[in-house]
Amino acid sequence: MEQTGLFPNMVVQMVAIGEESGELDKMLGKVADFYESEVDDAVASLSSLIEPMIMAFLRRYCRAVWLSPCTCRSSSLLQLSDNQE
């Protein structure tokens, strides 16, 4: 693991300690918990950064949709007024 350079030093050390103590499964569980916590924190940070942009986009998009004239309503109103005359 150490020679590949793919794993962080902490992971290599935790695996070595787990092998020496005979509790590799517990050490790998601790490593998994640590990285799961790191991912959760990163996702929370990213979502808090992206959320204002999403809200601004939705606000602008919804205003454009709701404020634009509805062609189906106006055409049906024209048809009704034409039929009544």
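Nothing here was measured: the structure is a model prediction, and the numbers come from that model.

Student: I'd like a rundown of the overall build of the protein, residues and numbers included.
Tutor: When its secondary structure is counted, the protein shows three helices and zero strands. Element order for the protein, N to C, with α for helix and β for strand: α-α-α. The buried share of the protein, reckoned over its 85 residues, is 7%.

Student: Kindly report on a negative patch on the surface, identifying the contributing residues and their values.
Tutor: A surface patch of like charges, here negative, comprises Asp33, Glu36, Glu38, Asp40 and Asp41. Along the chain, glutamate 38 falls in helix α2 (residues 24-67). Relative accessible area serves as the criterion here: at 41%, glutamate 38 is assigned to the partly exposed category.

Student: Go over the environment of valine 15 with me, naming the residues and quoting the values.
Tutor: Tracing the sequence through the fold places valine 15 in helix α1 (residues 9-21). Overall, valine 15 belongs to the buried group, its relative accessible area being 9%. Valine 15 sits 14 residues away from methionine 1 along the chain, and the two C-alpha atoms are 9.3 Å apart. Those residues within four positions of valine 15 in sequence are excluded, and the remaining contacts are Met1, Leu24 and Leu28.

Definitions and cut-offs
- Residues numbered from 1 in each chain as written.
- Predicted model: local features only at pLDDT ≥ 70, side-chain atom pairs only at ≥ 80, totals over all residues.
- Heavy atoms only, no water.
- Helix = DSSP H or I, 4+ residues; strand = E, 2+ residues; numbered from the N terminus.
- Buried < 20%, exposed > 50% of the residue type's maximum accessible area, 1.4 Å probe, protein only.
- Patch = residues over 30% accessible without salt bridge, like charges linked within 9 Å, V, L, I, M, F, W, Y side chains within 5 Å.
- Areas by Shrake-Rupley, 256 points an atom, 1.4 Å probe, with all protein chains shown as cover.
- Salt bridge = Lys/Arg side-chain N within 4 Å of Asp/Glu carboxyl O.
- Lys, Arg positive; Asp, Glu negative; His and termini not counted.
- Charge placed at Lys NZ, Arg CZ, Asp CG, Glu CD.
- Contact = heavy atoms within 4.5 Å.

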